[in-house]
Amino acid sequence: MHLGGGLVGLRLFSALFAVAAFWIFYGGYCLIRIQGIPHLGDFPPKPGEPHSLVSILVAARNEAASLPRAVPTLLAQKDANCEVIAVDDRSDDATGAILDDFAAGNPRLRVAHIRELPAGWMGKPHALQVAYEQSSGEWLLFTDADVRFHPEAVSRALRLVRERKLDHLTLVAALDMHGFWEHAALSYIALAFLLGIRPWLVDKPAAGSYMGIGAFQMVRRSAYEAAGGHRRLAMEVVDDMKLGKMVKRAGYRSSVGFAEDFVRLRWQEGLRNITRGLTKNMFAGMSFHVWKALGTFFGVMILSILPFVALAFTHGLTFWLAVAASTGAVLFNAAVLHGSGSESPLYGIAHPVGALLFSWIAMRSMVVTLWRGGIIWRDTFYPLDELRRGSV
């Protein structure tokens, strides 16, 4: 069966022409612009620089498996003046005991234990609010309980914020990915994030782009307090992104950088856990708007699936447009992976698989959230009406 003539053929030709142009021209533009984003490796610490106190704030709920690898890296920061405040958020595993053991042997670590979640709060924002209230640093560094820092991660970030005169810095961490399915899903998510957020515009005050990543988010204390802190994020699912939004909208200088190997994590183990984690986040990231979720779904179908399907059903010039569009998508995906510095660009050929997974997760996030009337995260249910009212 070929779709080469008539009105359908003309529409398909026009669609493939637009998709090919998108990947070749806009994709190339994105790759050029992303070269201007700083890399932490280019900011080695300078001997003799003043050391502002940095408060590293961590929320942990049932993280007993991750903490033994992560906490020592936070306590081993060189050329930086750091305190670490970890909050055990109602854990029912060994999280609290592990943190207490680390604190007993290191005065730089303080631990708080939360037994009950107050009304009107999600667990993570509340835990980070508790951590902030016990901190005293000029800089607040929010991170997650499974993130591993290089010994120079904080000192290099401090140099970057000084040189760029920043009030807020978030870093794209390196992900430990294993197997085909993780690479396919996470590489497409990174690609979609790049196209949707346009991180090269985050440091432009007049641009609407903002960014915040939970693995590494450093903010000047005065900017954090003026923006409203986590009290404004009490019922915000994507609190990391919205912290970046709040700080920038408050008039402070925000930017994004690539951490490379200086900040690493194993975000989710396996496709099942990736799907579970994003079911909570993705519809929330669209402000719980059905039209945004459907628009995302159809956009991915047109840009990332249509060219590959058209290869089997077209001929002539339309076929070669499908070749150009699908090749452009694969090459752009490969370039994004290559730019990460740690993953093989050969996984770019998984582009259509990643697109299907991304679309499935987006639709699942919307349907499950609407069907449940809210989200379940870390064994706590949060009603949708409260989440919508609390969205920043």
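So, how was this worked out
Along every chain, residues carry numbers that run from 1 in the direction the sequence is written. The predicted nature of this model means local features are confined to residues of pLDDT at least 70 and side-chain atom pairs, given and counted, to a pLDDT of 80 or more, with totals for whole chains, interfaces and linings taken over all residues. Excluded from the side-chain calculation are hydrogens and water; included are all heavy atoms of the structure. Note on terminology: a nonpolar core comprises buried Ala, Val, Leu, Ile, Met, Phe, Trp, Tyr and Cys residues joined through side-chain atoms within 4.5 Å. In this scheme, a residue with accessible area under 20% of its type's maximum is buried, one over 50% is exposed, and one in between is partly exposed, where area comes from a 1.4 Å probe on protein chains only. Per the convention used, a helix needs a DSSP run of H or I reaching at least four residues, while a strand needs a run of E reaching at least two, with both numbered from the N terminus. Two residues form a contact once any of their heavy atoms are found within 4.5 Å. Centres within 6.5 Å are what make two rings of Phe, Tyr or Trp a pair, Trp counting through its six-membered ring; a difference in plane orientation under 30 degrees is then read as stacked, over 60 as edge-to-face, and the rest as tilted. Note on definitions: angles span 0 to 180 degrees between N-to-C directions of axes, and those axes are lines fitted to C-alpha atoms, for helices only across the stretch in contact. Working rule for angles: under 35 degrees goes down as roughly parallel, over 145 as roughly antiparallel, 65 to 115 as roughly perpendicular, anything else as oblique. Two helices crossing with the near one rotated counterclockwise from the far one by less than a right angle form a left-handed crossing, whereas a clockwise rotation gives a right-handed crossing. Lys, Arg, Asp and Glu make up the charged group, whereas Ala, Val, Leu, Ile, Met, Phe, Trp, Tyr, Cys and Pro make up the nonpolar group; the residues left over, Gly among them, are polar. Here, strands pair whenever DSSP counts at least two bridges between them.

(A) Examining the nonpolar core more closely. Core analysis: the biggest nonpolar cluster contains 93 residues, and Val54, Ile56, Phe149, Val154, Met218 and Val263 have the highest contact counts within it. Of the residues forming this core, the biggest block, seven residues, is contributed by helix α6 (residues 179–197). Excluding its chain neighbours within four sequence positions, the residues that come into contact with valine 154 are Val54, Ile56, Gln77, Ala80, Cys82, Leu141, Phe149 and Met218. With 21 residues, the next largest nonpolar core counts Ala59, Tyr132, Tyr224 and Val247 among its residues.

(B) Broad picture of the packing of aromatic side chains. All told, the structure shown has 13 aromatic pairs when counted by the stated rule. Taking 5.5 Å as the distance between ring centres and 55° as the angle between the ring planes, the aromatic pair formed by tyrosine 188 and phenylalanine 358 counts as tilted. Residue tyrosine 188 is located in helix α6, and its partner phenylalanine 358 is located in helix α12 (residues 351–372); the two are separated by 170 residues in the primary sequence. Owing to a relative accessible area of 3%, tyrosine 188 belongs among the buried residues under this scheme. Arranged with centres 5.2 Å apart and planes meeting at 80°, the rings of phenylalanine 297 and phenylalanine 298 form a pair that is edge-to-face. For phenylalanine 298, a relative accessible area of 48% gives the class partly exposed. Ring-pair connections join several aromatic residues into one group, and the members of that group are Phe22, Trp23, Tyr26, Tyr29, Trp200 and Phe332.

(C) Here's a closer look at unusual backbone geometry. Phi angles above zero are rare outside glycine, and arginine 198 is one such case at about 55°. Examined against the element boundaries, arginine 198 turns out to sit in the loop between α6 and β7 (217–220). We note that glutamate 260 has phi near 55°; this positive angle belongs to a residue other than glycine. Judged by its relative accessible area of 29%, glutamate 260 is partly exposed.

(D) Structural context of helix α8 (residues 239–249). When you tally the buried positions in α8, you get ten out of eleven residues, the bulk of the element. Just downstream of α8 lies glycine 251, where phi reads positive at about 95°.

(E) Geometry of the packing of helix α9 (residues 270–285) against α12. Running from amino to carboxyl end, α9 crosses α12 at an angle of 55°, the nearest separation of the two axes being 8 Å. On the basis of the axis angle, α9 is oblique to α12. Between α9 and α12 lies a crossing of right-handed hand. On the side of α9, the interface is formed by Leu271, Ile274, Thr275, Leu278, Thr279, Met282 and Phe283, while α12 contributes Leu357, Phe358, Trp360, Ile361, Ala362, Arg364, Ser365, Met366, Val368, Thr369 and Leu370. Taken together, the residues of the contact of α9 with α12 sort by class into 13 nonpolar, four polar and one charged.

(F) Local environment of the sheet that holds strand β2 (residues 81–89). Taken in spatial order, the eight strands of this open sheet run β3-β2-β1-β4-β7-β6-β8-β5, and their pairing is mixed. Both outer strands of the open sheet, β3 (109–114) and β5 (147–149), are each paired with one neighbouring strand and no more. If you compare each strand with its neighbour and ignore which way they point, the axes differ by 30° on average. One ladder, built from four bridges, connects strand β4 (residues 139–144) with β7; its direction is antiparallel. Residue pairing for β7: leucine 140 is matched across the bridge by valine 219.

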